[in-house]
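Reading the structure
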Amino acid sequence: MHIGQTISAVQTPIIPVVGEWTRNTPGTLSLGQGMVSYPPPVAALQAISHFGSKPADHLYGSPLGQPRLLELIEDKLHSENNMDCKNGYRIMVTAGSNMAFLNVLLTIADPGDEIILPLPYYFNQEMAVRMLNCTPVPVPTDTHYQLDLDALRAAITHKTRAIVTVSPNNPSGAVYPEAALRAVNQLCKEHGLYHISDEAYEYFTYGEARHFSPGSISGAQQHTISLYSLSKAYGFASWRIGYMVIPEALLPSLLKVQDTNLICPPLITQYAAIGALATGSSYCKTGLQELTKSRAQITAQLQALSGVNIVATEGAFYLLLKLDTEKNDLELVKSLISEFKVAVIPGCAFGLHDGCYLRVSYGMLDKDAASIAIHRLVNGLETHC
Ligand SMILES: Cc1ncc(COP(=O)(O)O)c(C=O)c1O
């Protein structure tokens, strides 16, 4: 039977592939998928302990999200992101921020349009762009994975619809400074483009790095789309919930998309999210203390290896390694799993084709397991590189 040409041209999702290899080699420790090891806050689970007892629990809800959840999100955006949602913005709850990204593209782009993705990009964003028959335009960043404004400007054509920034970044861990994000936002404004700002890792910054939300810039309301996720911050990956802040003018179009593919965000998850947001971001900051220790230890161990180049970035829970080797990244990942029982993600998934890159995620394992996993990785890299 026929399978569409468009979907056939989309890259195969790398996480399930590496996941399959990992399952086929029992005992493998994963430094692959980007998740945190801590569970949701207790209040999130308490908030749903009586779910199902009211008739309304079983009915479709508002396409925007439950009023109490929207209220908590609005307060959070105001106090933490410095965004005023009463003024030109609207909030919409989605089943995770991957869905938000796809929904946004459906409303702002037509087939053939171009979406600028700084390199390395988050693979699901590149996949979403291709799925809609649009063209991803990868734009190199500098040697510290920081944005190159001139290169972004040069990549704009009459078909460009948006520039995407992911800060803190997956997979590089780079945190873009406020000035750089302001410059991108201004560039978008001048060229009539949307600035799509993915802030899934907003709480995951280290050292001097500070997260900045471009949606807080005055006059950004008409062209700035901000995406947020509870998956990482609140240990909510399986619950599938996030939200976006959109220019008011996009609301009617986004309601068409929401009504067609989700109708409303799942109610039980929204109640859990109410419990999580009521607990607040101090919860994530506690988890961050453990991550900070793992990060320091892992960075030092990997930096000590010859032939392994690491840019010490200050965000998310990823390290991007560039290896001095001619080896193919995918083959290397296979060997690391089968011979050393440790899984990482190859750089090709993130659009990196100018060498052998590996993404190491240190969010998912506790300190002891992470230390064993890194020991295995070090042995594997010493053998293969
Ligand atoms: C940059 C970025 N955005 C979005 C997501 C997905 O978030 P969600 O689980 O809310 O769909 C991820 C997950 O790894 C991510 O790295």
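The following paragraphs examine the structure supplied in this document. Treat the numbers as computed from the prediction; the structure is a model and nothing was measured.

1. Observations concerning the sheet that holds strand β3 (residues 114–118)
With mixed pairing, 7 strands are arranged side by side in an open sheet as β2-β8-β7-β6-β5-β3-β4. The open sheet terminates on both sides in strands that have one partner only, identified here as β2 (89–94) and β4 (135–139). Each strand of the sheet is rotated relative to its neighbour by a mean of 20°, with strand direction disregarded. Sheet topology note: the β3/strand β5 (residues 160–166) ladder contains 3 bridges and is parallel. Residue pairing across strands places Ile116 opposite Ile163, the latter belonging to β5. Helix α5 (residues 97–108) rests against β2, β3, β5, β6 (194–198), β7 (224–229) and β8 (242–247) of the sheet, and its axis sits at about 160° to β7.

2. Concerning the site of the ligand
Not every one of the 13 residues close to the ligand is listed here, only the nearest: Asp198, Tyr201, Ser229, Ser231 and Lys232. Between an oxygen atom of the ligand and a side-chain N or O atom of Asn170, the distance comes to 2.8 Å. Computed on the free molecule, the ligand has an accessible area of 390 Å², of which 92% lies beneath the protein chains in the complex. Among the cavities detected, the one that contains the ligand is the largest pocket. Its residues assigned to classes, the shell around the ligand shows 4 nonpolar, 6 polar and 3 charged.

3. Observations regarding the pattern of salt bridges
Following the criterion strictly, the structure yields 12 salt bridges and no others. In this structure, Arg182 engages Glu178 in a salt bridge whose closest nitrogen and oxygen atoms are separated by 2.9 Å. Of this pair, Arg182 and Glu178 both sit in helix α8 (residues 178–191), 4 residues apart, which is roughly one turn of the helix.

4. Description of the layout of surface pockets
In this approach the atoms are scanned with a rolling probe the size of a water molecule, which exposes any empty space left behind. Here the largest pocket defines a volume of roughly 490 Å³. In this structure, the largest pocket is lined by 24 residues; those nearest its centre are Gly34, Asn98, Tyr122, Asn124 and Lys232. For the lining of the largest pocket, the secondary-structure elements that each account for two or more residues are α5 and α6 (123–131). In terms of residues, the lining of the largest pocket owes the most to one element, α5, which gives 3 residues. For the lining of the largest pocket, the class distribution of residues is 11 nonpolar, 9 polar and 4 charged. Approximately 270 Å³ is the volume found for the second largest pocket. Along its surface, the second largest pocket is lined by 16 residues, and Asp142, Tyr145, Leu352, Asp354 and Tyr357 are the ones closest to its centre. When its residues are assigned to classes, the lining of the second largest pocket shows 8 nonpolar, 5 polar and 3 charged.

5. As for the state of the cysteines
If you walk through the whole model with that rule in mind, you get 0 disulfides. With no disulfide of its own, Cys134 lies 16 Å from the sulfur of Cys188, the closest cysteine sulfur. The buried category is assigned to Cys134, whose relative accessible area is 6%. For Cys284, which is in no disulfide, the shortest distance to another cysteine sulfur is to Cys85 and amounts to 18 Å.

6. Considerations on empty space enclosed by the protein
Going through the model one piece at a time under the given rule, you end up with 3 cavities of 30 Å³ or more. Forming the boundary of the largest cavity are Leu117, Pro118, Pro120, Tyr121, Tyr122, Gln125, Val164, Thr165, Val166, Asn169, Asn170 and Tyr176. When contributions to the lining of the largest cavity are tallied by element, the ones reaching two or more residues are β3 and β5. Per-element tally for the lining of the largest cavity: the top contributor is β5, with 3 residues. For the lining of the largest cavity, the class distribution of residues is 8 nonpolar, 4 polar and no charged. Lining the second largest cavity we find Glu202, Tyr203, Tyr228, Ser229, Leu230, Ala233, Tyr234, Tyr243 and Leu277. Partitioned by chemical class, the residues of the lining of the second largest cavity number 7 nonpolar, 1 polar and 1 charged.

Calculation rules
- Residues numbered from 1 in each chain as written.
- Predicted model: local features only at pLDDT ≥ 70, side-chain atom pairs only at ≥ 80, totals over all residues.
- Heavy atoms only, no water.
- Pairing = 2+ DSSP bridges.
- Helix = DSSP H or I, 4+ residues; strand = E, 2+ residues; numbered from the N terminus.
- Axes fitted to C-alpha atoms, helices over the stretch in contact; angles between N-to-C directions.
- Contact = heavy atoms within 4.5 Å.
- Near = heavy atom within 4 Å.
- Polar contact = N/O pair within 3.5 Å; in protein donor to acceptor, adjacent residues only side chain to side chain.
- Areas by Shrake-Rupley, 256 points an atom, 1.4 Å probe, with all protein chains shown as cover.
- 1 Å grid on protein atoms, 1.4 Å probe; cavity = no way out; pocket = protein on both sides within 12 Å on 5 of 7 lines; lining within 4 Å.
- Sits in = over half its atoms within 2 Å of the grid points.
- Nonpolar A, V, L, I, M, F, W, Y, C, P; charged D, E, K, R; others polar.
- Salt bridge = Lys/Arg side-chain N within 4 Å of Asp/Glu carboxyl O.
- Points joined across faces, edges and corners; volume = space filled by probe spheres on them.
- Disulfide = S-S within 2.5 Å.
- Buried < 20%, exposed > 50% of the residue type's maximum accessible area, 1.4 Å probe, protein only.

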